[in-house]
Amino acid sequence: MVSGKTTCGFCGCGCGLYLLHEDGNAIGVIPSDKDIVNEGRLCIRGWHIHQPLRNTERILHPLVKGERASYEDAVSFVADVLRRYPPERVGIIGSASATNESSYVVAKFARAVIRTNNVDFPGRSRVTQTLFQLLSSQEGASVLCSFEDLAEADVLFCIGIGESDRYPQVTARIFKAVVEDGRQLLLIDTWQSDFAPYASLYLSPKPFSDEFLLRALSKALDGSIPMPFSSEQVRSITGLSDEQIMAAADLLSSGRRVVAIYDTASLIHIRSPHCMNELLRLLRVLKGMGAEWCRILPMLERCNTAGALRMGVAPDLLPAFKWVTDADAVQKTCSIWGVDKLPRNKGMNFNQMLMAAERKEISALIIIGDDILTDYPDHELLKSALSNLELLVMITAYHSPLTEVAHCVFPRAIWGEVDGTCVNMEGRVCRLVSVCEPKGDARDEWQVLCDVATKLGYTMRYSSCAEIEDELKRLVPEYGDIRLERANAKTCLLRETSITIPTYSAHGEISPPALPSTSEEFPFLLITERYYLPWHADLLALHSSTLQREFRLRFTPHVFVNSAVGSSIGLRDGMPATITTPHGSARVTSIFKEAIPSGIAILPEMFFPQLRHVIGREGVDEQTGAPIYPVVVARLERTR
Amino acid sequence: MGTVEVGSKLTLSKGRLNDFLRSLDAPLAAPIRLEHGEVHFAVNPPLEQILRDAEYVNSTISPVALLFPQTEVLFNFRLNGKPQLEFPPPPQPLIIFGIRSCDVAAMRYLEMFFSRSFVDTPFFERAKVTTLISIACQRPGKNCFCPCCAGGPFLEDGYDIQLVDFGELFLVEVGSEKGKQLLSGREGFFELASEELVERRNRLYEETLQKFEIASHMGTGVRKLTSRSVSEELWKMMASRCIECGGCAFVCPLCTCFDVVDHKLPSENDGAVCGWRERCWDCCQFAGYSMEAAGVSPRPDKLSRFKRRFYHKLSYFYMEMDGRVGCVGCGRCIQVCFGVVDMPAVVNTLREEKVFGVRLR
Amino acid sequence: MREHLYEPMLARIVEVTDETPDVKTFTLQIEDGVIDYRPGQFAEVSVFGVGEAPFGISSSPTWTKRTGYIQVTVRAVGKVTRALHSLKQGDYVGVRAPLGNGFPVERAEGKRVIIVGGGIGLPPLRSLLNYMLDNRERFGKITVLYGARTPADMVFKRELAEWSARPDLEYLDTVDIADEEWQRLGKRVGVVTTLFPILDEQSPIEPHNTIAFICGPPIMIHFVILELEKRNVPPENIISTLERHMKCGVGKCGHCAIGHKYVCVDGPVFSWAEMKELEWMSAEKSV
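Source: prediction; values computed, not measured.

A. View of the overall build of chain B. The secondary structure content of chain B amounts to 12 helices and 12 strands. Taking 21 Å as the expected radius of gyration for a compact globule of 361 residues, we find that chain B reaches 22 Å, a close match to that expectation. Considering chain B as a whole, with its 361 residues, one finds that 63% of them fall into the buried category. Considering only contacts within chain B whose residues lie at least 6 apart along the sequence, 73% involve residues at least 24 apart. Carbon and sulfur atoms provide 52% of the accessible area of chain B, an area that totals close to 13,600 Å².

B. View of the overall build of chain A. What chain A contains, in helices and strands, is 22 helices and 27 strands. The C-alpha atoms of chain A give a radius of gyration of 24 Å, which matches the 26 Å a tight globule of 640 residues would have. Along the first, second and third principal axes, the C-alpha atoms of chain A reach 65 × 60 × 50 Å. Within chain A, the proportion of its 640 residues that are buried is 68%. Long-range contacts, defined here as pairs at least 24 residues apart, represent 73% of the contacts in chain A between residues at least 6 apart. By element, 47% of the accessible surface of chain A is carried by carbon and sulfur atoms, the whole surface being about 21,000 Å².

C. Examining the sheet that holds strand E2 (residues 23–30) of chain C more closely. Residues and elements named next belong to chain C. Spatially, E4-E3-E6-E1-E2-E5 is the arrangement adopted by the six strands of the open sheet, whose pairing is antiparallel. Taken across any chain shown, the strands that pair with only one partner, and hence form the sheet edges, are strand E4 (51–56) and strand E5 (70–75). On average, each strand axis in the sheet is tilted by 40 degrees relative to the strand beside it, whichever way the strands run. Pairing geometry for strand E3 (residues 42–47) and E4, over six bridges, is antiparallel. Along E4, the bridge assignment pairs Glu44 with Pro54.

D. Geometry of the side chain of His40 of chain B. In this structure, His40 of chain B sits in strand E3 (residues 39–43). The class for His40 of chain B is buried, based on a relative accessible area of 8%. What His40 of chain B contacts, discounting residues up to four positions off in sequence, is Val2, Leu20 and Ile30 of chain A together with Ala30, Pro31, Ile32, Leu34 and Ser59 of chain B.

E. Examining the packing of aromatic side chains more closely. Tallied over the entire structure, the rule returns 30 aromatic pairs over all chains. Ring geometry for Phe68 of chain B and Phe258 of chain B: centres 6.3 Å apart, planes at 70 degrees, overall edge-to-face. With Phe68 of chain B in the loop between E3 and strand E4 (71–79) and Phe258 of chain B in strand E11 (residues 258–264), this residue pair connects regions lying 190 residues apart in the sequence. Among the aromatic side chains, those forming a connected cluster through ring pairs are Trp47 of chain A, Phe68, Tyr109, Phe113, Phe114, Phe123, Phe124, Phe250, Phe258, Trp281 and Phe286 of chain B together with Tyr6 of chain C. Directly above the ring of Tyr56 of chain B sits Arg100 of chain B, whose terminal nitrogen or CZ lies 4.1 Å from the centroid. The cationic tip of Lys187 of chain C hangs over the ring face of Trp182 of chain C; the distance from NZ or CZ to the ring centre is 4.3 Å.

F. Representation of the sheet that holds strand E9 (residues 184–188) of chain A in the model. Residue and element names in this part refer to chain A. Reading across from one edge, E10-E9-E8-E11-E12 is the order of the five strands in this open sheet, with parallel pairing throughout. In this open sheet, the two edge strands, each paired with only one partner strand, are strand E10 (201–203) and strand E12 (293–299). Strand after strand, the sheet turns through a mean of 15 degrees between neighbouring axes, direction not considered. Strand contacts of helix H9 (residues 242–253): strand E8 (155–159), E9, E10 and strand E11 (257–263), with the helix running at about 135 degrees to E10, the strand carrying the most contacts. Where helix H10 (residues 272–288) meets the sheet, its contacts fall on E8, E11 and E12, and the angle it forms with E12 comes to roughly 160 degrees.

G. Local environment of the nonpolar core. In this structure, Phe109, Phe157 and Ile261 of chain A are the most contacted members of the largest nonpolar core, which totals 327 residues. Here Phe109 of chain A is in contact with Leu82, Ile92, Ile114, Ile366, Leu449, Val452, Ala453 and Met460 of chain A, once residues within four sequence places are set aside. Leu122, Leu129, Ala148 and Ile239 of chain C belong to the second largest nonpolar core, which has 32 residues in total.

H. Up close: helix H6 (residues 195–202) of chain C. Residues and elements named next belong to chain C. Along H6, the residues classified as buried are Leu195, Phe196 and Leu199. Buried residues of H6, viewed axially, fall in a sector of 100 degrees; they line one side. Contacts from the buried residues of H6 go to strand E7 (112–118), strand E8 (142–148), strand E9 (170–175) and helix H7 (218–230).

I. Representation of the domain arrangement of chain A within the structure. According to the domain assignment, chain A contains domain 1 (59–123 + 306–492), domain 2 (131–299) and domain 3 (524–638). Look at where the C-alpha atoms of domain 1 of chain A and domain 3 of chain A centre, and you get two points 33 Å apart.

J. Representation of the environment of Asp25 of chain B in the model. Residues and elements named next belong to chain B. Positionally, Asp25 belongs in the loop between helix H1 (17–23) and strand E2 (28–33). The sequence separation of Asp25 and Leu182 amounts to 157 residues, and the corresponding C-alpha distance is 9.8 Å. Engagement of the side chain of Asp25 in a polar contact is seen with the side chain of Arg186, the distance being 3.5 Å.

K. View of the pairing of strand E16 (residues 391–396) of chain A. All names here are of chain A. With six of its six residues buried, E16 lies for the most part within the structure. Residues of E16 alternate between two faces, with Leu391, Val393 and Ile395 on one and Leu392, Met394 and Thr396 on the opposite face, all of them buried. With five bridges joining them, strand E15 (residues 364–368) and E16 adopt parallel strand pairing. Note on E16: the bridge partner recorded for Ile366 is Val393.

L. Main features of the interface of chain A and chain B. The partner chain B presents 50 residues to the 51 residues of chain A that form the contact. Between chain A and chain B, a total of about 4,100 Å² is buried, with carbon and sulfur atoms accounting for 58% of that surface. Area buried by chain A at its contact with chain B is led by Trp47, Arg54 and Arg549 of chain A, which between them contribute 16% of it. One can count five salt bridges joining chain A with chain B. At the boundary of chain A and chain B, one finds 19 residue pairs in polar contact (both at pLDDT 80 or more). When contributions to the side of chain A that touches chain B are tallied by element, the ones reaching two or more residues are strand E2 (16–22), strand E3 (25–31), helix H1 (44–47), helix H6 (168–180) and helix H20 (545–552) of chain A. The dominant element in the side of chain A that touches chain B, judged by the number of residues it contributes, is H6 of chain A, at nine residues. Residues belonging to the side of chain A that touches chain B are distributed by class as follows: 22 nonpolar, 15 polar and 14 charged.

M. Looking closely at a nonpolar patch on the surface. A grouping of Ile219, Phe223 and Leu226 of chain C is seen on the molecular surface, where their side chains present a nonpolar patch of about 290 Å² in accessible area. Relative to the elements of secondary structure, Phe223 of chain C occurs in helix H7.

N. Representation of unusual backbone geometry in the model. The linkage connecting Gly152 of chain B with the following residue, Pro153 of chain B, adopts the cis geometry, with an omega of 0 degrees. If you trace the backbone, Pro153 of chain B turns up in the loop between strand E7 (130–135) and strand E8 (161–165). For the bond from Ala97 of chain C to Pro98 of chain C, the omega torsion is -5 degrees, close enough to zero to count as cis. Of note in this structure, Phe208 of chain A is not a glycine but carries a positive phi near 70 degrees.

O. Local environment of the pattern of salt bridges. This structure, assessed with the given rule, holds 77 salt bridges over all chains. Ionic pairing is found between Lys9 of chain B and Glu173 of chain B, a salt bridge with its closest N-O pair at 2.9 Å. Of this pair, Lys9 of chain B sits in strand E1 (residues 9–13) while Glu173 of chain B is found in strand E9 (residues 169–174), placing the two residues 164 residues apart along the sequence. By relative accessible area, Glu173 of chain B is classed as buried at 1%. The partner of Arg126 of chain C in a salt bridge is Glu159 of chain C, with the nearest N and O atoms 3.1 Å apart.

P. Expanded view of the packing of helix H7 (residues 232–241) of chain B against helix H9 (residues 302–314) of chain B. Residue and element names in this part refer to chain B. Where H7 meets H9, the closest approach of the two axes is 9 Å, and the angle between their N-to-C directions is 95 degrees. In terms of orientation, H7 and H9 fall into the roughly perpendicular class. Touching Glu232, Trp235, Lys236, Met238, Ala239 and Ser240 of H7 are Lys302, Leu303, Phe306, Lys307 and Phe310, all from H9. Across the contact of H7 with H9, the residue classes tally to six nonpolar, one polar and four charged.

Q. A look at the state of the cysteines. Following the criterion strictly, the structure yields zero disulfides over all chains and no others. Cys436 of chain A supplies the cysteine sulfur nearest to Cys274 of chain B, a cysteine that is in no disulfide, at a spacing of 20 Å. The cysteine Cys333 of chain B is free of any disulfide, with Cys327 of chain B supplying the nearest cysteine sulfur at 6.2 Å. Looking at Cys333 of chain B, the relative accessible area reads 13%, which means it is buried.

R. Expanded view of the pairing of E15 of chain A. Among the five residues in E15 of chain A, five count as buried, and that is most of the element. Alternating positions in E15 of chain A separate into two faces, Ala364, Ile366 and Ile368 of chain A on one and Leu365 and Ile367 of chain A on the other, with burial throughout.

Criteria and thresholds
- Residues numbered from 1 in each chain as written.
- Chains lettered and ligands numbered in written order.
- Predicted model: local features only at pLDDT ≥ 70, side-chain atom pairs only at ≥ 80, totals over all residues.
- Heavy atoms only, no water.
- Helix = DSSP H or I, 4+ residues; strand = E, 2+ residues; numbered from the N terminus.
- Rg over C-alpha atoms; globule rule 2.2 N^0.38 Å.
- Buried < 20%, exposed > 50% of the residue type's maximum accessible area, 1.4 Å probe, protein only.
- Contact = heavy atoms within 4.5 Å.
- Areas by Shrake-Rupley, 256 points an atom, 1.4 Å probe, with all protein chains shown as cover.
- Pairing = 2+ DSSP bridges.
- Axes fitted to C-alpha atoms, helices over the stretch in contact; angles between N-to-C directions.
- Phe/Tyr/Trp six-rings, centres within 6.5 Å; stacked < 30°, edge-to-face > 60°.
- Lys NZ or Arg CZ within 6 Å of the ring centre and 35° of its normal.
- Core = buried A, V, L, I, M, F, W, Y, C linked by side-chain atoms within 4.5 Å.
- Arc of directions from axis to C-beta.
- Domains from an automatic or database assignment.
- Polar contact = N/O pair within 3.5 Å; in protein donor to acceptor, adjacent residues only side chain to side chain.
- Buried area = accessible area lost by both parts, 1.4 Å probe.
- Salt bridge = Lys/Arg side-chain N within 4 Å of Asp/Glu carboxyl O.
- Nonpolar A, V, L, I, M, F, W, Y, C, P; charged D, E, K, R; others polar.
- Patch = residues over 30% accessible without salt bridge, like charges linked within 9 Å, V, L, I, M, F, W, Y side chains within 5 Å.
- Parallel < 35°, antiparallel > 145°, perpendicular 65-115°, else oblique.
- Disulfide = S-S within 2.5 Å.

Quick look at the structure:
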């Protein structure tokens, strides 16, 4: 039997597919060749999204203090304990993989029930800030690029997009555009990805200099753009010559329809919101020069980052991108939620909540889903911070280091067991359908929250997703057209909504990256980057038998170096090496990639925890609260 | 009309099609449209949903997946001391209606492959009781190139029953014992076809050949690849575009690789543990596919895996063994590929020895 | 083998022998009875609920006829092997056997046989050697060369001592890294290829009448083949095994394919001549 049309839940592409099932068991997938997003294509993850539904290693029953409990008892336990804490000592961590409907309930639970603004989702605050930067700009969501637009673009400007397997549907468009349609590709990336041979122009700037380069490009096209640094400084920071920058600028201005493709999760954009700001500035210049249109495609790792944000799973946002201090919005929200007031002060964001847990400045956290493990690879640190909590509630499907220290665990329904909608990287609303019965006592997180809320005295009950949608569209009117049941629901692009709030951060000046200097003793700059599809702790993927096999390969800590350089210093591809920094040394495997520039070694972020002792602790960006990985100098030697 | 024989050429009037289908006392798989219009071979669909020949080209997932599904339970087990194994019941007979020539050719290959050296029980139990009523293609799709691969559009042999749509009626060609068995006892639905109709069929075949948009010069591909006269640079450029999604293997009706996985349920009250062993589609492009337990792999990089796929499909040594080139020209890989490295793109790249602009449209 | 290609026969573990810290030999009694196999063939052994993995049968067919048991020798290196190691006497496993082509024993009749094993490569060679010893008169001079990383890593230690003591068998062994006991006994240290010059002294190889069987890590096989080629042993008389990840064991799942050959059906035993040809035909390195 074939399910209704649904959407893959792994990443921000939002590919359309059907689930093949028999006797309530998922047995396969059928990609939709009519879907605008994927046109029949699926990446390795999409092809195996049915497998977690067959996996038996799920949490089936609620656990209270490690012991199996009935659902009712677990709900009572949580409500009883939550009651004790003042709102500022409670936090909710939602998920960028949760549906819109679910996220709406999460935000409502935080504000109407707990009365706190401590609600956020992991997703590297950098991503959230970057997306927000884009959406709150003067162009707003109208600058978002759809895949249809991408097919029309004559210049594709890819900045820091990494390897071709990260966002497959974007990759497909890039290759088709270049190989079949003869479009121009301007690729700016510190290392040479698979796209480089196809670029009309490929530039490899020094790491972390993107915001500089973008400003320099704007300046090259429009002399009136302020540039507080001299040409020589720009050359030295970016590592690019004036000719190269001019060539890039010329290529951009030759386009009538320009799309900028930007990886929001890439760590190479160390001040990502600033990069986004500069990118917007550049596109305005191009538009001013007569381009027909200029758009941005902000690639998102998770399937509903944009949706979570729009539903208000953020410490300072109400649904529909309204500030928590916006009096009109507050009034309207209060009336729909049936409360007399809402918390006024901006709450803690995700990183701040974790730090507060560590410092015992917060008593209780409710964590939904497992994104937190992917986005915070240091599980030991995470676990130790969270074990300080007096109450840790997790709504999750799988055991993890965190469920070991949770006081209460509710089994969560996974993809394929839930209904709802999500918003992909284009701003398109995509539909998820439930095909299989949730296993054991598992249910949607919104149901758990509703039951806890009701127990706490705030009656919250929805009989279905449709009921949630009815309510949320009163606050988020652009959802008015979207209905779960409509069989031919036209997925709509949420492009026409602009957010009428001023840009609130990243209006500061561009600043040079503070990189340590290499020396003979430490000839490499060791940079942590978000490599690979974000699978390494994606528990849903780890519970697919095929994907799990593929991930196992990635588990030994490895460092990428340039092939020629690696050979010249005696390293061997795939063999043990010792990496030494001023802080210490560690054993890794060295893997050769021609694509890495000499003088740089890349550490995939997932191994950061194992090398923390030689790299140093993550810092935190003051403005965004996002973690920043230190760049250290290092040397690599063959281990005998 | 007399008895039906292998080689018989009959006609079936369109008006009697549904009655004929209803008379088949076996589950029927036929092409329908899913919610958004995708073509899919569903089992026992309502007759009014079955697509007519002119209404579809082919399905996204080949109907051979009805015999070799993406996931298949091999057996269940119960462990409590001595293991007890329980095998799925024998499969029901199946008639696949509306299957295209390319998939029929693929089916014949699969029957050969799954019985070579050892007989693959799960596949064969199904294949034994499956009969194919194919409809020869007169309107090739934009991605089709079966004439280049001995995969159609009309088959001369290797089919059970081949229908050719002539508007008011079908020409019905009986190609095998199975086809004959299916029609025996149902002669009442059919008339003998005239020689004139058979001649029209042959002309129609020639006309259809002119309608293909793509050509893929398989012979050149086979030659260049087998003689190892393809430059490393060319291979690298192509492999760099592959993102190892597995789509080509999963939609290709001739691909047969699978993985075998055990699953265990939580133990029951008496301590017994139940579970099952299943097989699921696998792909040689996945890095873990040829990885050994110790962590080494004979194809550790994308380039070697990419070459492997095309070696398997195009090398002369495989052709000799398999009796055909590893492609039937169904075009599904073109639909699913992210990097423009589907079969015609690769073959034509090998042939023209250039990277850009190789699609011959 | 059962009628259903993927149905394992049930087998009870009769005995578990520790060979080294990470290698065990399992003596199995197949419920269905005794299976008939050739040295060099393998068995797919199932730990139900965990998975199935291929192991060269390490007992000889003649021993199996005598005892009714078969043996597999397993190193714990992955999920299935680790699960197998946790099993005990009396536990059940699944067995699909015999699979693969096995050694061309008939081709060795009347010839001088050189058996070269490296570390965990010895098990299938033990099957071969014990079979030959049970049919001693059919074969010429038999030489066994065995090398392991350390003395602790040597498998079938008791049997090695027996082989070493037999007058109708020439046995030489060596380790890469010796321990105190090994050094005290004055035994050889060095990789297994260092045993060849010793052979040149005490029993030189006559290329026209020699057949060699090699099993071990790929890199060792590579260097041993070089030594044999140096001594002009014809490539069709250098017999070894190809290592590939095998899953179904019956040439269907595709994992072990190299070129147009399936290691589980056309191999795992191949002559060096065949391997060279296969390398050329497949454009893939075989060893």
